[in-house]
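Okay, here's what each chain looks like letter by letter:
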Amino acid sequence: MKAGAWGEKLVWRCHICNDLHFGVEAPEVCPTCRARNAYVRVDTAEALALLGEPAGELNDVGKVISSWKVFCQGSDFGLTRNDEAVANLAKGVLENMRNHGLKYCPCRLTTMDREKDLLLICPCNFKAQRTWEEKGECWCGLFVRREK
Amino acid sequence: MSEDRLIWFTGRECEHCKELRPIVAEFMDEYGVEIEELEVWHDERNANLLRKYGEDIAEACGGDLAVPSFYNEATGSALCGKVTKELLKLWADIE
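Keep in mind that what you see is a predicted model, and the values were worked out from it rather than measured.

Attention shifts here to the overall build of chain A. Of regular secondary structure, chain A possesses five helices and five strands. The buried share of chain A, taken over its 148 residues, is 20%.

Quick look at the structure:
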């Protein structure tokens, strides 16, 4: 898999605690066990086998919203104050996960080009969008710039 | 009689689509035109139709295929996002 300008992403395993990382380079410090220079490359199939039973699934609206709230912590953006909209959009990404395999943005549509479609997973890189520049919000109006 | 349609593409969980629905309804009433709503995330046929018109729609949406978006099959004109009735009038090619 190619990852745009960042080069080829690979899967890495911490040889101390089996933490997994998917990226161009391995982290210098393992965020789980804090070991330094501890990562070794693994096959994708090996990584999937290591994941084993699903854990910490984001499979309901409350869990998705909770993950978004954590994501917003310490950033210059937060969730819209319209709770009904947040819940509806969370339902949308869950529907897309169930029907289309990934938590795609419910306000855009896949092109069937995998590389392009990976950019539609919510939360996306919304600060690159026109709506962020113009209105300070993602396309859906889910993530909004915090008022100072 | 032309079979060209005025279409608006929506997503079931798209908030802007929900907000726009009364405006589109009002517009249809006011000008006596039909705008066919096609939901794209739960109907693959509708999704493929949006993709078919994708070039024009993506241009109107700033690069992505997005909803809410509007496509005039007669003129090939596309609109995207939270539109006004004035914009819809131009898009629908109403005198």
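Another aspect to go through is the sheet that holds strand 4 (residues 78–80) of chain B. Residue and element names in this part refer to chain B. If you trace the four strands from one edge of the open sheet to the other, you get 2-1-3-4, paired in mixed fashion. The sheet is open, and its two edges are formed by strand 2 (35–39) and strand 4, each paired on a single side. Direction aside, neighbouring strands of the sheet carry axes that sit 20° apart on average. Of the pairings in the sheet, the one linking strand 1 (residues 6–10) to strand 2 comprises five bridges and is parallel in character. Bridge pairing in strand 2 places Leu6 opposite Ile35. Strands strand 3 (69–72) and strand 4 of the sheet are contacted by helix 3 (residues 54–61), whose axis makes an angle of about 40° with strand 4.

Secondary-structure assignment places Thr75(B) in the loop between strand 3 and strand 4. Here the alpha-carbon distance between Thr75(B) and Arg5(B), two residues 70 residues apart in the chain, equals 10.0 Å.

Summing up the model confidence of chain B, the mean pLDDT is 95 and the portion of residues at 70 or higher is 98%. Listed scores for the predicted complex are pTM 0.90 and ipTM 0.92.

The next thing to look at is the domain arrangement of chain A. The domains assigned to chain A are domain 1 (4–51) and domain 2 (61–145). One C-alpha centre belongs to domain 1 of chain A, the other to domain 2 of chain A, and the line joining them spans 26 Å.

With 16 residues of chain A at the contact, the number on the chain B side is 16 residues. With seven residues, helix 3 (residues 83–100) of chain A is the largest single contributor of residues to the side of chain A that touches chain B. Residues that form the side of chain A that touches chain B fall into these classes: seven nonpolar, five polar and four charged.

We now examine the nonpolar core. Grouped together as the largest cluster of nonpolar side chains are 45 residues, with contacts concentrated most on Ile57(B), Ala66(B), Val67(B) and Phe70(B). When sequence neighbours within four positions are dropped, the list of residues in contact with Ile57(B) reads Leu50(B), Leu65(B), Ser69(B), Tyr71(B), Ala78(B) and Cys80(B). Counting residues in each nonpolar core, the second largest holds five residues, with Trp12(A), Cys14(A), Ala38(A) and Tyr39(A) among its members.

Analysis parameters
- Residues numbered from 1 in each chain as written.
- Chains lettered and ligands numbered in written order.
- Predicted model: local features only at pLDDT ≥ 70, side-chain atom pairs only at ≥ 80, totals over all residues.
- Helix = DSSP H or I, 4+ residues; strand = E, 2+ residues; numbered from the N terminus.
- Buried ≥ 20, exposed ≤ 12 C-beta atoms within 10 Å, placed from the backbone.
- Pairing = 2+ DSSP bridges.
- Axes fitted to C-alpha atoms, helices over the stretch in contact; angles between N-to-C directions.
- Contact = placed C-beta atoms within 7 Å.
- pLDDT = per-residue confidence, 0-100.
- Domains from an automatic or database assignment.
- Nonpolar A, V, L, I, M, F, W, Y, C, P; charged D, E, K, R; others polar.
- Core = buried A, V, L, I, M, F, W, Y, C linked by C-beta atoms within 7 Å.

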